[in-house]
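Below, each chain spelled out in residue letters.
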Amino acid sequence: MNRVWTKASAILLVVISLIFNGTYALAASATSTYIVTFQQATLVSNDHVGNNWAIAAQVAGQSISEGNNVKVKAKSGGSIKLYAYAEEQDKIPDVGEATKNVKVSSVSSKGSTVKLRVTVTENRGRYSGHQAVWEFTYKIKKQS
């Protein structure tokens, strides 16, 4: 009787282990879809850096223009990479860029606004060292 009980309890432990480990593995690798909108890029300040600008933005490596959105799949516990780039265009361009990895766990149920600041520093001439600052605004929302 003792031997039967030992086998039965061992089998039960294996089954319970498989159930809980399987559930944990499924929960850990759950993937959700997020909609990320590049709302706008705003020149916040410009201390004699220049007047001709080019900007670029990316979400998870995908280029995106102002007012548009992209769908991004991310695992729970994962993150979404945002990128912002600003270039003052003249003979010798001045460039600034910023990146941010946003943890999907920080995205609220109503969506979250994330801002990246890009600083561009004048590299030549009498205004060398002066800076311009851009602010890129992204909205991240979990798709229902």
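Note: the structure precedes this text.
Nothing here was measured: the structure is a model prediction, and the numbers come from that model.

Quick notes on the rules
- Residues numbered from 1 in each chain as written.
- Predicted model: local features only at pLDDT ≥ 70, side-chain atom pairs only at ≥ 80, totals over all residues.
- Heavy atoms only, no water.
- Pairing = 2+ DSSP bridges.
- Helix = DSSP H or I, 4+ residues; strand = E, 2+ residues; numbered from the N terminus.
- Buried < 20%, exposed > 50% of the residue type's maximum accessible area, 1.4 Å probe, protein only.
- Salt bridge = Lys/Arg side-chain N within 4 Å of Asp/Glu carboxyl O.
- Axes fitted to C-alpha atoms, helices over the stretch in contact; angles between N-to-C directions.
- Core = buried A, V, L, I, M, F, W, Y, C linked by side-chain atoms within 4.5 Å.
- Contact = heavy atoms within 4.5 Å.

Enquirer: Can you break down the pairing of strand β2 (residues 53-59) residue by residue, with the values?
Expert: Put simply, side chains in a regular strand alternate between the two faces of the sheet. Bridging between β2 and strand β5 (residues 79-88) involves 7 bridges; their strand directions are antiparallel. Within the sheet, the bridge partner assigned to Ala54 lies in β5 and is Glu87. Two strands pair when backbone bridges link them, and β2 and strand β3 (residues 62-64) are joined in this way by 3 bridges, in the antiparallel orientation. Bridge assignment links Val59 to a residue of β3, and that residue is Gln62. Where β2 folds back onto β3 in an antiparallel hairpin, the turn is made up of 2 residues, including Ala60, whose phi is positive at roughly 50°.

Enquirer: Lay out the pairing of strand β4 (residues 69-75) with the relevant residues and their values.
Expert: Of the two faces of β4, only one is covered, namely that formed by Val70, Val72 and Ala74; the face formed by Asn69, Lys71, Lys73 and Lys75 stays uncovered. The pairing of strand β1 (residues 31-46) with β4 spans 7 bridges and is antiparallel. Pairing of Thr31 across the sheet is with Lys75, part of β4.

Enquirer: So what about the pattern of salt bridges? Which residues, and what values?
Expert: For the structure shown, the criterion picks out 2 salt bridges. In this structure, the salt-bridge partner of Glu135 is Arg117, at a minimum N-O distance of 3.4 Å. Residue Glu135 is found in strand β8 (residues 131-142), and its partner Arg117 is found in strand β7 (residues 112-121); the two are separated by 18 residues along the sequence. Accessibility expressed as a relative area gives 17% for Glu135, which makes it buried. One connected set of salt bridges, linked through shared partners, spans Lys115, Arg117 and Glu135.

Enquirer: A description of unusual backbone geometry should follow, citing residues and the corresponding values.
Expert: Notably, His48 is not glycine yet its phi reads approximately 60°, a positive angle. Tracing the backbone shows His48 in the loop between β1 and β2. Here His48 falls in the partly exposed class, since its relative accessible area comes to 46%. In this structure, Ala60 is a non-glycine residue whose phi angle is positive, near 50°.

Enquirer: Please give an account of the sheet that holds β5 that cites residues and values.
Expert: Ordered by their spatial adjacency, 4 strands build an open sheet running β3-β2-β5-β6, and the pairing between neighbours is antiparallel. Among the strands making up the open sheet, the edge pair consists of β3 and β6 (94-103). On average, adjacent strands in this sheet sit at an angle of 25° to one another, irrespective of strand direction.

Enquirer: Pulling in residues and values, what's your account of the nonpolar core?
Expert: Counting residues in hydrophobic clusters, the biggest one holds 29 residues, and the most contacted among them are Val36, Val59, Ile80, Leu82, Phe136, Tyr138 and Ile140. Contributions of two or more residues to this core are made by β1, β2, β4, β5, β6, β7 and β8. Here Leu82 is in contact with Val36, Gln58, Val59, Ala98, Thr99, Lys100, Val102, Val114, Leu116, Tyr138 and Ile140, once residues within four sequence places are set aside.

Geometric descriptors of this kind do not, in isolation, establish any biological role.
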